[in-house]
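Residues per chain are reported as follows:
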Amino acid sequence: MEDPAAPGAGGQPVNGNGNGNGNGNGGGKGKQAAPKGREAFRSQRRESEGSVDCPTLEFEYGDADGHAAELSGTFGECDSEVDVLHWSRYNCFLLYQMGTFSAFLELLHVEIDNSQACSSALRKPAVSIADSTELRVLLSVMYLMVENIRLERETDSYGWRMARETFRTELSFSTHNEEPFALLLFSMVTKFCSGLAPHFPIKKVLLLLWKVVMFTLGGFQHLQALKVQKRAELGLPPLAEDSIQVVKSMRAASPPSYTLDLGESQLAPPPSKLRGRRGSRRQLLTKQDSLDIYNERDLFKTEEPTAEEEEEPPGDGERTLDGELDLLEQDPLVPPPPSQAPLSAERVAFPKGLPWAPKVRQKDIEHFLELSRNKFIGFTLGQDTDTLVGLPRPIHESVKTLKQHKYISIADVQIRNEEELEKCPMSLGEEVFPETPCEILYQGMLYSLPQYMIALLKILLAAAPTSKAKTDSINILADVLPEEMPITVLQSMKLGIDVNRHKEIIVKSISALLLLLLKHFKLNHIYQFEYVSQHLVFANCIPLILKFFNQNILSYITAKNSISVLDYPCCTIQDLPELTTESLEAGDNNQFCWRNLFSCINLLRLLNKLTKWKHSRTMMLVVFKSAPILKRALKVKQAMLQLYVLKLLKIQTKYLGRQWRKSNMKTMSAIYQKVRHRMNDDWAYGNDIDARPWDFQAEECTLRANIEAFNSRRYDRPQDSEFSPVDNCLQSVLGQRLDLPEDFHYSYEIWLEREVFSQPICWEELLQNH
């Protein structure tokens, strides 16, 4: 292996005993600290790399702790953060090539099956961080190895690239008759939620599970490449645009007026009340115009608000949100342009067009032709979309335009193939499908998937900031609470920050994990995606996400639940300053928290996945009154978050009534501007043929029947099925030797009397029937 030079020339590679951080607790018992110095480390590394035999992997947990220090970058010998990260990655590859990951995996199995630790934790009134020391060390080491090896760099050597592919294969497929690594972590999650192992460090388990799924199945960029490849294999036309690039180029819209959506049931206030607010309203518009400069400026906007723009005054509940709105205007997430001078004609940027290409489903074309034939001819032709005899010329042009934008998804092809396999199982034979990592993971999760989804949602509910502590809820703070509670104000503040950060990381990992699973299963087969989605819906995932967003979401995204001087790798290089209550209250200089913004976007995308084209689930959004909750989320000036909020508002607009649409015209305009258009989609008017309430229950039942038929056909293969061959030869059947139980020889006369002699047989009737 090459000896890469770290930038800054300050880092040193891993030493044999793994002391690394210089604190004396990294090596095993009885081991001496390795000599420091550049030459000593280099000679030791050359000896380890030149050795043919693998090192002995029998070590104690002190050695595992030392390896954790090594994988963190041997920061005792580094001078900069770049050096720490460089040598951390180098040590991860080195230790993996020495075979240490399999040893850590064996130790993890031992700790999971450690009944003594489980019983000890169950007897304690309160589980603390001291009950999971060994597990936390193991999970931290494995997380560092997975995360560092997963990331690809252009400067990686050929040996590192091969090691990455080998590691991915080991984690994806079953080796030595063992389940994939992700399933082992899923079993830890369910064991924790069932109360059998309350000492499990669930935050580290979920983080490792998320990274393992991302490593083995692939991230969003890999998903997009797989989608393009699969469409080409199925003979489908290429995608009109790359959704990731389109979202990157989108700009955030100016937030609309934030009333509590009381316009549906209340009349407008009298003009006398509006006059008092006109001055503040004009000031608000002036502030908002400065934000519009960065986006697209509306040239037709007047300085004076019209009667339609003036909405009802905020209620008591909305006054609490005014401060956050002012905060957003004074200090926006996207910095304003340096100059606030009046716009000139050269600086005005007109929108170049809609960001998304319109799409049309086959069902939309059939529905349009059905209405047209009923109107002009008086009868329909079913699913025939080619015969246009008797229809006027404008209908011909409309059908031509619809077909030009027709979009056939991979799911449509998979559903059609599944219907053919159900109709003709004998002629088409068994389906041949590749054993991809996604397919292997689904097969392993299939029979315990409901328990996995319920466990993840239980943890998500416990970690949500809007959840109240209950006696029957699970304790997710077992790996953050100390043995002795804090006694000073500083210790209490630090513990409070740690607890909030702990919950935020759990929400982030669960939301990203569920979104990755849904997207990969949807690409692999649509019914795998529907199976996971249906169990999430049955476990009340939709109201759970809405409960999460029923908070001051701008305060959640701008929360500062971190101590920057304690963050890795900064804390390993610099001397830690003395923490005070003032420094903890001030927090860092970041205007918002990327972690919480990432979680919110993931949860919105998850909600979109569950409700898209599902009218029964869309009605759940309406029943739970999600419109005002989602509209408040539009305060956040981030394009991707706003896009998925607007999508969720669009699918339920037809059910919200005319008064809501009239009172929220700015939101309606944002939907027209940002969300993809579907031709013949009357989303704003409610003239939807699929919106019949009596079909909602049947829709879910039909979907569930299709999912069960798919799982039964592909994964349940009994030996004596109705399609197995049958021996019809009388001589061969009678000639077969049957092994009878021993007691049958003693009771066969009784059996003959009961089953043969005592039964009357009408031979004439038997001969006539045959």
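Before reading further, recall that the structure is shown in the block above.
Residues numbered from 1 in each chain as written. Predicted model: local features only at pLDDT ≥ 70, side-chain atom pairs only at ≥ 80, totals over all residues. Heavy atoms only, no water.

Trainee: Got a minute to help me understand the overall build of the protein chain in this structure?
Mentor: Within the protein chain, the secondary structure is distributed over 36 helices and 0 strands. For the protein chain, the residues scored as buried account for 42% of the 770 residues in total. Total accessible area computed for the protein chain in this model is approximately 41,900 Å², and 54% of it derives from carbon and sulfur atoms. (Helix = DSSP H or I, 4+ residues; strand = E, 2+ residues; numbered from the N terminus. Buried < 20%, exposed > 50% of the residue type's maximum accessible area, 1.4 Å probe, protein only. Areas by Shrake-Rupley, 256 points an atom, 1.4 Å probe, with all protein chains shown as cover.)

Trainee: Help me out: how do you make sense of the side chain of His535 in this one?
Mentor: Checked against the element boundaries, His535 lands in helix α22 (residues 526-538). Apart from the residues within four sequence positions on either side, His535 is in contact with Leu449, Pro450 and Met453. (Contact = heavy atoms within 4.5 Å.)

Trainee: Can you walk me through the packing of helix α19 (residues 437-445) against helix α33 (residues 696-715) in this structure?
Mentor: Relative orientation and spacing of two packed helices are given, respectively, by the angle between their axes and the distance between those axes. The interhelical angle for the contact between α19 and α33, taken along N-to-C directions, is 105 degrees, at an axis separation of 13 Å. Classified by the interaxial angle, the pair formed by α19 and α33 is roughly perpendicular. Contacts between α19 and α33 involve Glu439, Tyr442 and Gln443 from the former and Asn711, Arg714 and Tyr715 from the latter. Considering only residue class, the contact of α19 with α33 consists of 2 nonpolar, 2 polar and 2 charged. (Axes fitted to C-alpha atoms, helices over the stretch in contact; angles between N-to-C directions. Parallel < 35°, antiparallel > 145°, perpendicular 65-115°, else oblique. Nonpolar A, V, L, I, M, F, W, Y, C, P; charged D, E, K, R; others polar.)

Trainee: What's the story with unusual backbone geometry in this structure? I'm lost.
Mentor: Across residues other than glycine, the phi torsion is negative in most instances, and most of the peptide bonds are trans. With an omega of 0 degrees, the peptide bond between Tyr568 and Pro569 qualifies as cis. Tracing the backbone shows Pro569 in the loop between α24 (553-557) and α25 (570-573). With phi around 65 degrees, Asn540 is a residue other than glycine that occupies positive phi space. With respect to the element layout, Asn540 can be found in the loop between α22 and α23 (541-549). Judged by its relative accessible area of 47%, Asn540 falls in the partly exposed class.

Trainee: What should I look at first to understand the packing of aromatic side chains in this one?
Mentor: Two aromatic rings are characterised by how far apart their centres lie and by the angle between their planes. One pass over the full model with this rule turns up 19 aromatic pairs. Residues Tyr672 and Trp683 carry aromatic rings whose centres are separated by 5.1 Å and whose planes lie at 55 degrees to one another, so their mutual orientation is tilted. Of the two residues, Tyr672 sits in helix α32 (residues 665-674) while Trp683 sits in the loop between α32 and α33, which places them 11 residues apart along the sequence. Its relative accessible area of 35% is what places Tyr672 among the partly exposed residues. Judged by its relative accessible area of 6%, Trp683 is buried. Members of the aromatic cluster, joined through ring pairs, are Phe433, Tyr442, Phe521, Tyr527, Tyr531, Phe710 and Tyr715. Of note, Lys211 hangs over the ring of Trp210, and the distance from its end group to the ring centre comes to 4.2 Å. Stacked on the ring of Phe433, the Lys or Arg Arg714 has its end atom at 4.2 Å from the ring centre. (Phe/Tyr/Trp six-rings, centres within 6.5 Å; stacked < 30°, edge-to-face > 60°. Lys NZ or Arg CZ within 6 Å of the ring centre and 35° of its normal.)

Trainee: Would you mind showing me how to read helix α4 (residues 100-112) here?
Mentor: Two residues of an α-helix separated by three or four positions point the same way, owing to the 3.6 residues in each turn. With 13 residues, α4 should cover 18 Å at 1.5 Å per step; its first-to-last C-alpha distance of 18 Å lies within 8% of that length. Taken residue by residue, α4 has Thr100, Phe101, Ala103, Phe104, Leu105, Leu108, Glu111 and Ile112 as its buried positions. (Expected span 1.5 Å × (residues − 1).)

Trainee: Even after reading the chapter, I still don't get the pattern of salt bridges, so can you show me in this structure?
Mentor: Opposite charge on two side chains lets them pair, provided their charged atoms get close. Evaluation of the coordinates by the stated rule reveals 19 salt bridges. With a shortest N-O distance of 2.7 Å, Glu165 and Arg168 are connected by a salt bridge. Note that Glu165 and Arg168 are positioned in helix α7 (residues 158-172) at a spacing of 3 residues, about one turn of the helix. By relative accessible area, which is 39% here, Glu165 ends up partly exposed. (Salt bridge = Lys/Arg side-chain N within 4 Å of Asp/Glu carboxyl O.)

Trainee: What is the right way to read the environment of Ser555 from this model?
Mentor: Along the polypeptide, Ser555 turns up in helix α24. By relative accessible area, Ser555 is classed as partly exposed at 27%. Residues Ser555 and Val636, spaced 81 residues apart in sequence, show a C-alpha to C-alpha distance of 9.8 Å.

Trainee: How should the side chain of Arg595 be read in this particular structure?
Mentor: Examined against the element boundaries, Arg595 turns out to sit in helix α27 (residues 594-611). A relative accessible area of 17% means that Arg595 is categorised as buried. A polar atom in the side chain of Arg595 sits 2.8 Å from the side chain of Glu504. Once residues lying within four places of it in the same chain are set aside, the contact partners of Arg595 are Arg501, Glu504, Ile505, Lys508 and Asn561. (Polar contact = N/O pair within 3.5 Å; in protein donor to acceptor, adjacent residues only side chain to side chain.)

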